[in-house]
Amino acid sequence: MLVLLLLLLLFVGCGAPSAMPESGDYPPVFPDYVGVTVPEGMAPLTFQMTDGSRQRIHTTRVGDTLWYEVTAWQKGARQGVRYKPFPVYISHDPIDPYIAYRLIEPGYESWYDMGIYQRRLSSYVETPIVTNAANNRGCVNCHTFPSGNPSQMLFHARGAGGGTVFIHDDNVRLINLREHGPLKQGTYPTWHPSGRYVAFASCQTHQCFSVADSQPIEVYDTASDIILMDLETGGITAPPFLNTAEVWETFPSWSPDGRTLYYCAADSVQPMPEARGRLHYRLMAVDFDPATGTFIQETNRQIIKTTETKFEPSFSFPRVSPDGRYMLFTASAYATFPIWHKEADLWLLDLADGTIRPCDELNSPDTESYHSWSSNGSWIVFSSRRIDGRYTRLYIAHHDGNGHFAKPFLLPQKYPAHNTLRLKSYNIPEFVCGEVPHHQKAVRKLFPAKAKGDKPVADRQQTPASKEWIIN
Amino acid sequence: MRHKRFLFAFATFAIIVLACQLCIPYTLMQQESYALFLTTSDYLRETFAAPWPMAHLAGNFLLQFFHFPWAGPLILGLLGAMAYLLLSLFFRQKGILPFSLTFTILLLSAVIVMASSHRVREVERYSAVEYAASRHDWPRVLRRATPEATRDDRQLLPYALLALTESGQLPDRMMRYPVRTVDDFCPESWSDRRGLAFKACLYECMGIPGEAIHNTFQAATALPHGSSFGTLRALVRLNRLKGDERLAHKYATILSHSTLHKGWGKDIPLNEAPEQSASDRLSAILNSSQAPLITPTYYYNVTSLIAHGAYSKTLADRSLCGLLLQGDLVRFRQMYALFPHAEGEPVPALYRDALSSVSHLPATP
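Residues numbered from 1 in each chain as written. Chains lettered and ligands numbered in written order. Predicted model: local features only at pLDDT ≥ 70, side-chain atom pairs only at ≥ 80, totals over all residues. Heavy atoms only, no water.

A. A look at the overall build of chain A. Summing up its helical and strand segments, chain A has 3 helices and 33 strands in all. Overall size of chain A, expressed as C-alpha extent along the three principal axes, is 100 × 55 × 45 Å. By residue count, 57% of the 472 residues in chain A fall in the buried class. Partitioning the contacts of chain A with sequence separation of at least 6, the portion at a separation of at least 24 is 54%. Of the roughly 19,900 Å² of accessible surface on chain A, 55% is carried by carbon and sulfur atoms. Counting 43 positive and 48 negative side-chain charges, chain A places the centres of these two groups 8 Å from one another. (Helix = DSSP H or I, 4+ residues; strand = E, 2+ residues; numbered from the N terminus. Buried < 20%, exposed > 50% of the residue type's maximum accessible area, 1.4 Å probe, protein only. Contact = heavy atoms within 4.5 Å. Areas by Shrake-Rupley, 256 points an atom, 1.4 Å probe, with all protein chains shown as cover. Lys, Arg positive; Asp, Glu negative; His and termini not counted. Charge placed at Lys NZ, Arg CZ, Asp CG, Glu CD.)

B. Expanded view of helix 19 (residues 329-338) of chain B. For helix 19 of chain B, every residue scored as buried is listed here: Phe332(B), Arg333(B), Met335(B) and Tyr336(B). Among the structural elements, helix 17 (298-307), helix 18 (313-326) and helix 20 (349-357) of chain B are those in contact with the buried residues of helix 19 of chain B.

C. Structural detail: the nonpolar core. The biggest cluster of nonpolar side chains holds 82 residues, and the ones touching the most others in it are Met174(B), Met206(B), Tyr251(B) and Tyr298(B). If we ignore the near neighbours within four places in the chain, the residues touching Tyr251(B) are Tyr391(A), Leu423(A), Phe217(B), Leu232(B), Leu235(B), Val236(B) and Asn239(B). With 46 residues, the next largest nonpolar core counts Val29(A), Phe382(A), Ile387(A) and Tyr395(A) among its residues. (Core = buried A, V, L, I, M, F, W, Y, C linked by side-chain atoms within 4.5 Å.)

D. Representation of the packing of helix 7 (residues 118-134) of chain B against helix 12 (residues 193-205) of chain B within the structure. Residues and elements named next belong to chain B. Between helix 7 and helix 12, the shortest axis-to-axis distance is 11 Å and the interhelical angle comes to 25°. For the element pair helix 7 / helix 12, the angle class is roughly parallel. Remark: the crossing between helix 7 and helix 12 carries left-handed chirality. Listed contacts from helix 12 to Val123, Tyr126, Ser127, Glu130 and Ala133 of helix 7 are Arg194, Ala197 and Cys201. Of the residues assigned to the contact of helix 7 with helix 12, the class counts are 5 nonpolar, 1 polar and 2 charged. (Axes fitted to C-alpha atoms, helices over the stretch in contact; angles between N-to-C directions. Parallel < 35°, antiparallel > 145°, perpendicular 65-115°, else oblique. Left-handed = near helix turned anticlockwise from the far one by under 90°. Nonpolar A, V, L, I, M, F, W, Y, C, P; charged D, E, K, R; others polar.)

E. Summary view of a nonpolar patch on the surface. Residue and element names in this part refer to chain B. A grouping of Leu44, Phe48 and Met54 is seen on the molecular surface, where their side chains present a nonpolar patch of about 300 Å² in accessible area. For Met54, the location among the structural elements is in helix 4 (residues 53-63). Exposure remark for Met54: the relative accessible area of 55% places this residue in the exposed category. (Patch = residues over 30% accessible without salt bridge, like charges linked within 9 Å, V, L, I, M, F, W, Y side chains within 5 Å. Salt bridge = Lys/Arg side-chain N within 4 Å of Asp/Glu carboxyl O.)

F. A look at the side chain of Thr216(B). All names here are of chain B. In this structure, Thr216 sits in helix 13 (residues 209-220). According to the relative accessible area criterion, Thr216 is buried, its value standing at 8%. Each residue touching Thr216, except ones within four places of it in the same chain, is listed here: Ala200, Thr231, Ala234, Leu235 and Leu238.

Rendered as structure tokens:
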């Protein structure tokens, strides 16, 4: 009798499992990784249900496609829902192993912590390259590497005693550009492919605040020119035609062969900031002779004359693909600092035939701004504010070599919630071909602890041989 | 011996609790709003990159509870009693009574110094006013920031003027306060954390949440981690006020990674970005290029808002009282005529006197 009872209980308890409800839709996951293309060897994509449901993920690889089958249980529910499996495509085009970026609060005038960090793409490991603890909480920005070379970089370290820090292996130098040649400050550096020259914009940058909710901040220049530094001679030149008061030039960017400098230029408007709505930057190009280090003024030209848009766009951040065929740039309604412009989008110009288009496959209703190409041109990384409208996050997209991009994916994190919990924005993402050494100690030595009456102007160098200050 | 030790420990606890609660309750409560304790990876990374990470963590963990009245004094009392017990164990060979007496005398001296210190009273009064203003409790602000108190401490004056404005008493009572210039409403030189916190409160009251967020951010950059409980709560509130639920949800989610804000963010819907066509986004941004600018000069902002067609009773009072402080009676009359007035509404004595003093002058267009 007892045995029969137990058997009965067993049958009742283990009755045929009720069929799991299935959904014909892809699961609503954050980040949205449905149908994205990732490089082989990328850190695993982690995601969560947007409504916070518990989830179980089953992954299957079929050829070059990873299929994610997600079953989700809402809080308190015993019955889950099995969603339609979604694909993630794997590309065999290699990607540079690291991305360098700055982390900073998306604030207004000041900050607490900021730093230049690097992220290994095959894992979730993020390490600092240099933070502003090295320069007495001043600003560190505009990091750039010649052709993604991790052993050579420069960045600006602002604040008392600041300047531009040049790093080549263990040699770390601080140069105040304002004290050389044309006596101009440098920003938005671009390293010539030969490694010999660096072009900078030299801007007088301000910001203003408005009551408009759609755009509380506008960052603008009241003057900007382009200067060129020759690292072999240490000389800095300011070509007169790129240094006029009537035209504001900014965002220099070299072509991969180093024979053309692309930049943005706008006719100056007054008064600023009231007239900022009339400030439109156009894309320009000028030929360059690397042997003599001179620009050929006669070749100075506007490269996009008209666009099929209802408005006159303002262009920024021109970046040419490594094969020299395409230029990716940012277009906004006006002015020069697109990160605070919700309408800012990425556009692509085919330099071979002059066609131009907004990259709808990359853009979102929120801001898209800074971007860079991987060293083989197969990938781009760009910054976007699409998650919350304020905190910039990094997206990577595959480029097929013919001017088309796959759906971009958010830089994966170990825990997807990290994208929400991080109180910092990612700035200036740049691909790097290897791990950048930790430069904190060497840079700290360039910035003695704050002292009253400090004279911060001389160039300084810290070499591993002497470990001493050398005043140039 | 043990009995005496616990008696002295209890006395220590009681003295500290009473002294803190009687002398510095708001100073302690405000400490919570400047502190931050989270279990996020970035917070922990920043904490362990700084000196004394465990002390920092423990301190900030305890500071969370200072949010509640009495909690700060009770925690400090317990810490004091524990310190006494530990020290008494250390000194037990030298006799408990001499040590206990010395400890008690030192403690009482500290309490007397705290109770009699003008600076401590000043900080406490400011903290109380700041606390009340952050809750828009204007009667309480005015009870603390009296005309006499603002003469003694001019830092209270902007809060007093804000409370007068928000409670509709500005034209009636402004002149009882030691007001000298329009700058007293919002000193341009106030760029430290406290000044920026005031500006955030002011611009929130003026209906410009974006500028309140700006000042809240700026105030936070002076704090370790660049944020705090008070900052995050303000950002949740201000972003909801602005209609930006996405950002409000983000800040609330971050707060929910602390001990006392576990439920935060659950009532805020996690909406997708508002649907907006490309042309709508473009029009919004092009319109924004025409929007009035916010400058560090408070009165410029007031006049700029009015010039762009903004109107409210409080904005009108700010503008009119500002003109009176500048001695510009002619413009005062022009502006007064521009603003709508409810029928039967009594004209404040200050305005009446100003209008009558220019009544003999011909009206100008």
